[in-house]
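Listed below are the residues making up each chain.
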Amino acid sequence: IYVTSGTSIELPTPSYHGYTFLGWYEDVNDEYAVPNTYRVHESKKLYAKWEAGAIITGKKIYTLNDLVSINNNLGGTYVLMNNIDCNGMALPVLGSNSTSSFRGIFEGQGYTISNFAISPNQYMGLFGYNTGTIRNLNVEKVKISVDNSVTTTKLYVGGITGFNGGKIQNCSVKDGDIYIRFNNERLAGLITAENSGIVENCYATGNITITQVSRSDKIAIGGGVCAVNRNAITNCWTYSTINTYGYDYGSGDYSSDRIAEAAGIACRNESGGVIKNCLVFGVVEGNLKSGDISIGGKGTITNCYRDEGMVIVDKTNNYTFATPQNISILSDSLFYSVSLFS
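None of these values were measured; they are calculated from a predicted model. (Residues numbered from 1 in each chain as written. Predicted model: local features only at pLDDT ≥ 70, side-chain atom pairs only at ≥ 80, totals over all residues. Heavy atoms only, no water.)

1. A word on the overall build of the chain
Note the cut-off: Secondary structure elements are taken from DSSP: a helix is a run of H or I of four residues or more, a strand is a run of E of two residues or more, and numbering for both begins at the N terminus. Note on exposure labels: buried denotes an accessible area under 20% of the residue type's maximum, exposed denotes more than 50%, and partly exposed covers the range between, all computed with a 1.4 Å probe on protein chains only. When checking whether two residues touch, look at their non-hydrogen atoms; a contact exists if any pair is within 4.5 Å. Using a 1.4 Å probe, accessible areas were evaluated by the Shrake-Rupley method; residue-level cover was limited to the displayed protein chains.
Looking only at helices and strands, the chain has 2 helices and 36 strands in total. The burial tally for the chain puts 49% of its 342 residues in the buried class. Taking the intrachain contacts of the chain between residues at least 6 apart in sequence as the baseline, contacts between residues at least 24 apart amount to 76%. Carbon and sulfur atoms make up 45% of the accessible area of the chain, which totals about 14,500 Å².

2. With respect to the sheet that holds strand β28 (residues 266-269)
To keep things clear, this is the line we draw: Paired strands, in this sense, are two strands between which DSSP finds at least two bridges. For helices, the fitted line uses only the C-alpha atoms of the stretch in contact; every axis is such a line through C-alpha atoms, and the angle between N-to-C directions lies from 0 to 180 degrees.
If you trace the 5 strands from one edge of the open sheet to the other, you get β12-β16-β20-β24-β28, paired in parallel fashion. The outermost strands of the open sheet, each flanked by one partner alone, are β12 (127-130) and β28. Within the sheet, the average angular offset between the axes of one strand and its neighbour, ignoring direction, is 5 degrees. Pairing of strand β24 (residues 226-229) with β28, which is carried by 3 bridges, proceeds in the parallel orientation. Paired with Cys226 across the bridge in β28 is Ala266.

3. Examining the packing of aromatic side chains
For the record, the criterion: Centres within 6.5 Å make a pair out of two Phe, Tyr or Trp rings, where for Trp the six-membered ring is used; the pair is then stacked when the planes are under 30 degrees apart, edge-to-face when over 60, and tilted otherwise.
All told, the structure shown has 9 aromatic pairs when counted by the stated rule. When the ring of Tyr78 is compared with that of Phe102, the centres are 6.5 Å apart and the planes differ by 45 degrees; the resulting orientation is tilted. Of this pair, Tyr78 sits in strand β6 (residues 77-80) while Phe102 is found in the loop between β8 (90-91) and β9 (105-107), placing the two residues 24 residues apart along the sequence. Residues Tyr78 and Phe102 agree in their burial class; the two are buried. Centre to centre, the rings of Phe106 and Phe127 are 5.5 Å apart; their planes meet at 70 degrees, and the pair counts as edge-to-face. Taken together, the residues Phe106 in strand β9 and Phe127 in strand β12 connect sequence positions 21 residues apart.

4. Let's talk about the sheet that holds strand β19 (residues 185-189)
One open sheet holds the 7 strands; their spatial order is β11-β15-β19-β23-β27-β31-β35, and the pairing between them is parallel. Every other strand in the sheet has two partners, leaving β11 (123-124) and β35 (317-319) as the edge strands with one partner each. As judged from the 4 bridges shared by β19 and strand β23 (residues 220-223), these two strands associate in the parallel manner. Paired with Leu187 across the bridge in β23 is Ile221.

5. Digging into the side chain of Asn277
Stated precisely, the cut-off is as follows: Distance and chemistry together define a polar contact, namely a pair of N or O atoms within 3.5 Å, with one atom able to donate a hydrogen and the other to accept it when in protein, and with adjacent residues in sequence counting only for side-chain atoms on both sides.
Checked against the element boundaries, Asn277 lands in the loop between β29 (274-276) and β30 (279-286). Among the polar contacts made by the side chain of Asn277, one reaches the side chain of Asn303 at a distance of 2.8 Å.

6. Examining unusual backbone geometry
Even without being a glycine, Lys141 presents a positive backbone phi close to 55 degrees. Following the sequence through the fold, Lys141 ends up in strand β14 (residues 138-146). Taking relative accessible area as the criterion, Lys141 reaches 47% and is therefore assigned partly exposed. Its identity is not glycine, yet Asn170 carries a phi of approximately 55 degrees, on the positive side. Its location among the elements puts Asn170 in the loop between β17 (167-169) and β18 (172-181).

7. Concerning the environment of Lys276
Along the chain, the position of Lys276 falls in strand β29. What makes Lys276 partly exposed here is its relative accessible area of 24%. Between the alpha carbons of Lys276 and Ile233 there is a distance of 6.4 Å; along the sequence they are 43 residues apart. Not counting residues within four places of it along the chain, the set of residues in contact with Lys276 comprises Glu10, Ile233, Thr234, Asn235, Thr302 and Cys304.

8. Description of the pattern of salt bridges
The condition that has to hold: Definition used for salt bridges: Asp or Glu carboxyl oxygen within 4 Å of a side-chain nitrogen of Lys or Arg.
On inspection of all chains with the given rule, the structure shows 7 salt bridges. Glu107 is paired through a salt bridge with Arg135; the nearest N and O atoms lie 3.0 Å apart. A residue pair is termed long-range when its members are at least 10 positions apart, and Glu107 in strand β9 and Arg135 in strand β13 (residues 133-135) qualify at 28 residues.

9. Here we look at the pairing of strand β15 (residues 154-158)
Among the 5 residues of β15, 4 are classified as buried, and the element is accordingly described as predominantly covered. When β11 meets β15, the two strands line up parallel, connected through 2 bridges. Looking at the pairing, Met124 lines up with Val157 of β15. Relative to β19, β15 runs parallel, the two being bridged by 5 bridges. By the bridge assignment, Lys154 is partnered in β19 with Glu185.

10. Structural notes on the pairing of β30
Burial analysis of β30 places 7 of its 8 residues in the buried class, which makes it a mostly covered element. Pairing of strand β26 (residues 237-245) with β30, which is carried by 8 bridges, proceeds in the parallel orientation. Directly across from Tyr239, in β30, lies its bridge partner Phe281.

11. Looking at the nonpolar core
For clarity, the cut-off: What makes a nonpolar core is a set of buried Ala, Val, Leu, Ile, Met, Phe, Trp, Tyr and Cys residues whose side-chain atoms join them at distances within 4.5 Å.
Leu67, Phe106 and Leu137 are the most contacted members of the largest nonpolar core, which has 63 residues in total. If you tally residues by element for this core, the top one is β14, at 4 residues. Beyond its immediate chain neighbours, meaning those up to four positions away, Phe106 contacts Ile61, Leu67, Ile70, Tyr78, Leu80, Ile113, Phe127, Thr133, Ile134, Arg135 and Leu137. Of all hydrophobic cores here, the second largest spans 13 residues; its members include Tyr129, Ala193, Ala227 and Cys267.

Listed below in structure tokens is the structure:
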């Protein structure tokens, strides 16, 4: 972690399968513990302390059928045992709504679920509505396409969850592709559409495109991590292209029926929302509002950075909350001890 002398930083919380992290120490013998908020005055090596025996036990997930069977017990504990390539299949969401949410534990062990689409639902993602814990999971080449055949007044689309009211930790979405042509209210994020829980130590790459197909006053919101944040996003980064287009985009008329917003982390950071220690790269374009980290709100944004070459396209309003920095410095682990792009 690279910091300026005298600066206080929030130390990251690492994960190591089979162990529980107990804290950071200044010495290898674990005698001098350091606080999570740590002031740095000189070059320093810190040591992580671990306790063995935290191996997760639960139903083992080996196959696509095992994965889909999670809907039979949404409160269970599950352990992914290998990579699963879904070969382009449209999967049913795991936990379809607030009354049938996924409320258990899904331990990915660093494995990848790849190459899948999602069957139509109000909450669309590998997990539709999450109030449990999803961790150490990689999602790759998820493709979600939605048109007006979906009958709902509000749509939530994300690569891992449609709605997160629980925890998403140490997860990634790589090469996500979300495309929505839909006239009612729609929210989309590469990790989750709406976050009312915890998202930490995650990253996402991919594209989101949202368009209206006829005149409508319903909002379109897209974000690299999420569209709307009401709780905490920490130690996350995105490299994405987010485009939200209102009806008749490009006509020069941006009246109220052409409301579309986009940002690189969380488009709207609402009351109670915290965005901290995040990095953003790529392109964002909303025909009403665009932002690097967010377009703002009543939440807080601290210690965030963006690539100084990031493209922020807008027609009326532009919002910047991140410190611009050269991409070579950002990719050299501003917050993490391993390469961001490994």
